[in-house]
Amino acid sequence: MTPEAPLLASQIVVQVCLFLVAAIALFGGALQMYLGQPDTSPRLDNVHRFMAGVYFSTGVISFWAAVTIRQQGTLVYLLALGVFLAGIGRLVSISKVGLPKPATVWLGYLVPELLLPVVIVVAHHGVA
């Protein structure tokens, strides 16, 4: 596909999803880096802020993948896998220690983490 050719509808879907993932990860990563893990041990705060950096960097990578969507292949699938596994991690946490309050907020995080990767994979597979 030439750079001046319009994007396919499936590429636009993937691009929008990746921009959404990027926005969430950049905002969430920066916020969690700033907030840390209040009322906890230095060890847990350290791990929390480290993971916030990983979260933020995933946003940068997702943004870059969205901007360069014409050149992306496997990276899109790997980003979708990462988001999906994050949702699975949230499900494991809920099953082990319960659903944090307010429940609607945490379910509002969980649903896109489980659905967006499916949309991304299906749409990206349509490009190949």
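Everything below is about the structure shown above.
Residues numbered from 1 in each chain as written. Predicted model: local features only at pLDDT ≥ 70, side-chain atom pairs only at ≥ 80, totals over all residues. Heavy atoms only, no water.

**Quick notes on the pattern of salt bridges**
The full count for this structure, using the stated rule, is two salt bridges. Of the charged contacts, one joins aspartate 45 and arginine 49 as a salt bridge, the two residues approaching to 2.8 Å between their closest N and O atoms. Placement of the pair is aspartate 45 and arginine 49 together in helix 2 (residues 42–67), with a separation of four residues, close to one helical turn. Taking the relative accessible area as the measure of exposure, arginine 49 reaches 28% and is therefore partly exposed. With a closest N to O distance of 2.7 Å, arginine 90 and glutamate 113 form a salt bridge. Here arginine 90, found in helix 3 (residues 74–97), pairs with glutamate 113, found in helix 4 (residues 103–127); they are 23 residues apart in sequence, far enough to count as distant. Among the residues examined, arginine 90 registers a relative accessible area of 22% and is labelled partly exposed. Among the residues examined, glutamate 113 registers a relative accessible area of 13% and is labelled buried. (Salt bridge = Lys/Arg side-chain N within 4 Å of Asp/Glu carboxyl O. Helix = DSSP H or I, 4+ residues; strand = E, 2+ residues; numbered from the N terminus. Buried < 20%, exposed > 50% of the residue type's maximum accessible area, 1.4 Å probe, protein only.)

**Points about helix 2**
With 26 residues, helix 2 should cover 38 Å at 1.5 Å per step; its first-to-last C-alpha distance of 38 Å lies within 8% of that length. Those residues of helix 2 that sit buried are Asp45, Ala52, Gly59, Ser62, Ala65 and Ala66. Here the buried face of helix 2 lies against helix 1 (9–35) and helix 3. (Expected span 1.5 Å × (residues − 1). Contact = heavy atoms within 4.5 Å.)

**Quick look at the nonpolar core**
Val14, Leu18, Ile69, Val76 and Ile120 are the most contacted members of the largest nonpolar core, which has 14 residues in total. Mapped onto this core, the elements with two or more residues apiece are helix 1, helix 2, helix 3 and helix 4. (Core = buried A, V, L, I, M, F, W, Y, C linked by side-chain atoms within 4.5 Å.)

**Overview of the layout of surface pockets**
Counted as a void, the largest pocket has a volume near 1300 Å³. Where the lining of the largest pocket is concerned, the elements lending two or more residues are helix 1, helix 2, helix 3 and helix 4. (1 Å grid on protein atoms, 1.4 Å probe; cavity = no way out; pocket = protein on both sides within 12 Å on 5 of 7 lines; lining within 4 Å. Points joined across faces, edges and corners; volume = space filled by probe spheres on them.)

**Some points on a nonpolar patch on the surface**
Taken together, the side chains of Leu78, Leu81, Phe84, Leu85, Ile88, Leu91 and Val92 present a nonpolar region at the surface, about 570 Å² in accessible area. For leucine 85, the position within the fold is in helix 3. (Patch = residues over 30% accessible without salt bridge, like charges linked within 9 Å, V, L, I, M, F, W, Y side chains within 5 Å. Areas by Shrake-Rupley, 256 points an atom, 1.4 Å probe, with all protein chains shown as cover.)

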